[in-house]
Amino acid sequence: MKKTTIILFALLVMGGVANAQYYYYNTRPWDGNKSYSLHVGTDFSITPRNFGETATDLVATPGLAASFRYEGDKSINERLSWGYQVEVNYLAENFSYNQATTRTIGNATVPVVKHNKFNWWDGEVDFRLSFAYWIGDNIELQAAAGIFVTPIFGLNGETYETLASSDVEVADSRKETKVPLMFNFNFNTGISTMIQAKYFFNENFYVSLSARDNIGLNLFGGALSEGTDYANQGGQRGIVMIGVGYKFIK
């Protein structure tokens, strides 16, 4: 029931966005250039996320990053231009950490260590303003800054426990940790900055290399949604991607 509600809500939102885009572009069209591009690369933690005060030995390893980026730009002069960017992202990272806790074994309550290991992905949307400088006729250097929101996420992994006194694994303690898709009701938010270099083969087709710095602020609280124990708080993330794009000249 929850998944059906989420899917219906997402479809309604997508329909509303599509209708708003149609209205905007047919009543107040953007009179600058437009470009569309696809990107793939990796993302990694610069500073770790907060998984609670009891988390220790946190290790974060890079994961897959992919995005679709829309850009609009207008010339200031023959070298400078300004514009905006809207980007939809899939960002994944791998995390492992430990937690000290207790477990009842037989009639005794004993200290144990819970080991957590999983892959976490985020569905993220970025909104940025940009400024660009042309070097010659083929190379464009660009800087942009704005905000990001994370409306959906998911994770997959497992947990298990060991005795704190001997590191022996507790029988039947292994459990699958899986959240296929969850709507993030607090919209984990933050600052998105980016630098990008583009090489144009002609006036339309280009390849790019971009590096982003996302600083999570979590402005709307700690709980992601009802029924989950996972925090999506703070943390700073780096994202490096290569891309291909096509520019429509106005």
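By convention here, each chain's residues receive numbers from 1 onward along its written sequence. It should be noted that, the model being predicted, local features are given only for residues of pLDDT at least 70 and side-chain atom pairs only at 80 or more, the latter also being counted only at that level, while totals for whole chains, interfaces and linings use all residues. With hydrogens and water excluded, all non-hydrogen atoms of the structure serve as input to the side-chain values.

1. With respect to the overall build of the chain
So the rule is basically this: Under the scheme used here, helices are H or I runs from DSSP no shorter than 4 residues and strands are E runs no shorter than 2 residues, and both carry numbers assigned from the N terminus. Note on exposure labels: buried denotes an accessible area under 20% of the residue type's maximum, exposed denotes more than 50%, and partly exposed covers the range between, all computed with a 1.4 Å probe on protein chains only. In this analysis, two residues are considered to be in contact whenever any of their non-hydrogen atoms come within 4.5 Å of each other. Note on areas: these come from Shrake-Rupley sampling with a 1.4 Å probe, and a residue is covered only by the protein chains present in the view.
Regarding its fold elements, the chain presents 1 helix and 9 strands. Counting from the amino terminus, helix and strand elements in the chain follow one another as α-β-β-β-β-β-β-β-β-β. Scored against the burial criterion, the 250 residues of the chain give a buried share of 39%. By sequence separation, contacts in the chain at least 24 residues apart represent 71% of the contacts at least 6 residues apart. Total accessible area on the chain stands at roughly 13,900 Å², and carbon and sulfur atoms take up 63% of it.

2. A word on the pattern of salt bridges
Our working rule: Salt-bridge detection follows one rule: a side-chain nitrogen of Lys or Arg within 4 Å of a carboxyl oxygen of Asp or Glu.
Tallied over the full model, the rule gives 15 salt bridges. Salt-bridge contacts for glutamate 93 lead to arginine 237; the nearest nitrogen and oxygen are separated by 3.1 Å. Remark: arginine 237 occurs in strand E9 (residues 236-248) and glutamate 93 occurs in strand E4 (residues 80-105); sequence separation between them is 144 residues. Take arginine 237: its relative accessible area is 8%, and that puts it in the buried class. Taken together, the shared-partner salt bridges in this structure form one network comprising Arg69, Glu87, Glu124, Asp126, Arg128 and Arg212.

3. Description of the layout of surface pockets
Rule in force here: Cavities and pockets are defined on a 1 Å grid built over the protein atoms alone: a cavity is a set of grid points where a 1.4 Å probe fits but cannot escape, while a pocket is an open set with protein on both sides within 12 Å along at least five of seven lines, and lining residues are those with an atom within 4 Å of any such point. Grid points are joined across faces, edges and corners, and a volume is the space filled by probe spheres set on the points.
In this structure, the second largest pocket spans a volume of roughly 280 Å³. Counting only elements with at least two residues in the lining of the second largest pocket, the list comes to strand E3 (63-75) and E4.

4. Some points on the pairing of strand E8 (residues 205-216)
Threshold: At least two DSSP bridges between two strands are needed for those strands to be called paired.
Burial of E8 is one-sided: the residues Tyr206, Ser208, Ser210, Arg212, Asn214 and Gly216 facing one way are buried, the residues Phe205, Val207, Leu209, Ala211, Asp213 and Ile215 facing the other way are not. Both E8 and E9 contribute to a ladder of 11 bridges, which runs antiparallel. The partner of arginine 212 across the bridge, within E9, is isoleucine 239.

5. Some details on unusual backbone geometry
At aspartate 167, a residue that is not glycine, the phi angle is positive and equals roughly 65 degrees. One can find aspartate 167 in the loop between strand E6 (139-163) and strand E7 (175-200). Judged by its relative accessible area of 61%, aspartate 167 is exposed. Although it is not a glycine, aspartate 172 adopts a positive phi angle of roughly 60 degrees. Following the sequence through the fold, aspartate 172 ends up in the loop between E6 and E7.

6. Concerning the packing of aromatic side chains
Here is the rule we go by: Only centres within 6.5 Å qualify two rings of Phe, Tyr or Trp (six-membered ring in Trp) as a pair; their planes then separate them into stacked at under 30 degrees, edge-to-face at over 60, and tilted for everything else. Counting as a charge over the ring demands two things of the Lys NZ or Arg CZ atom: a distance within 6 Å of the ring centre and an angle within 35 degrees of the ring normal.
Applying the stated rule across the entire model yields 14 aromatic pairs. Considering the side-chain rings of phenylalanine 200 and tyrosine 206, the 5.0 Å spacing of their centres and the 40 degrees angle between planes classify their relative orientation as tilted. Taken individually, phenylalanine 200 and tyrosine 206 each receive the classification buried, so the pair is uniform in this respect. Put simply, the rings of Tyr36, Phe68, Tyr70, Tyr84, Tyr246 and Phe248 pair up and form one aromatic cluster. A cation sits over an aromatic face here: arginine 174 above tyrosine 160, 4.2 Å from the ring centre. Lysine 198 extends its terminal NZ or CZ atom over the ring of tyrosine 206, reaching a point 4.8 Å from the ring centre.

7. Overview of the environment of alanine 65
Structurally, alanine 65 is set in strand E3. A relative accessible area of 0% places alanine 65 in the buried class. Taking C-alpha positions, alanine 65 is 9.4 Å from phenylalanine 44, a pair spaced 21 residues apart along the chain. Filtering out sequence-adjacent residues up to four positions away, alanine 65 remains in contact with His39, Val40, Gly41, Thr42, Asp43, Tyr90, Leu91, Ile239 and Met241.

8. Here's the deal with the side chain of asparagine 33
Threshold: Pairing of N or O atoms within 3.5 Å defines a polar contact, subject to two protein rules: one partner must be a possible hydrogen donor and the other a possible acceptor, and residues neighboring in sequence count only if both atoms are side-chain atoms.
With respect to the helices and strands, asparagine 33 occurs in strand E1 (residues 33-47). Only 2.7 Å separates the side chain of asparagine 33 from the backbone nitrogen of lysine 250, close enough to count as a polar contact. With sequence-adjacent residues up to four places away left out, asparagine 33 is seen in contact with Glu71, Gly72, Asp73, Lys247, Phe248, Ile249 and Lys250.

9. Things to note about the nonpolar core
To be explicit about the condition: Grouping buried Ala, Val, Leu, Ile, Met, Phe, Trp, Tyr and Cys residues that are joined through side-chain atoms within 4.5 Å yields what is termed a nonpolar core.
Phe51, Phe95, Tyr97, Phe118, Trp120, Phe153, Leu155, Val179 and Met182 form the largest nonpolar core, which has 9 residues in total. Where this core is concerned, the elements lending two or more residues are E4, strand E5 (108-135), E6 and E7. Sequence-distant contacts of tyrosine 97, defined by excluding residues within four places in its chain, comprise Phe51, Ala55, Thr56, Asp57, Leu58, Lys114, His115, Asn116 and Phe118.

10. Describing the confidence of the model for the chain
Rules: pLDDT: the predictor's confidence for each residue, scored from 0 to 100.
Predicted confidence across the chain gives a mean pLDDT of 83, with 80% of residues reaching 70 or more. In the model, residues 1-15 has pLDDT below 50 throughout and makes 5 contacts with residues more than four positions away in sequence or in other chains.

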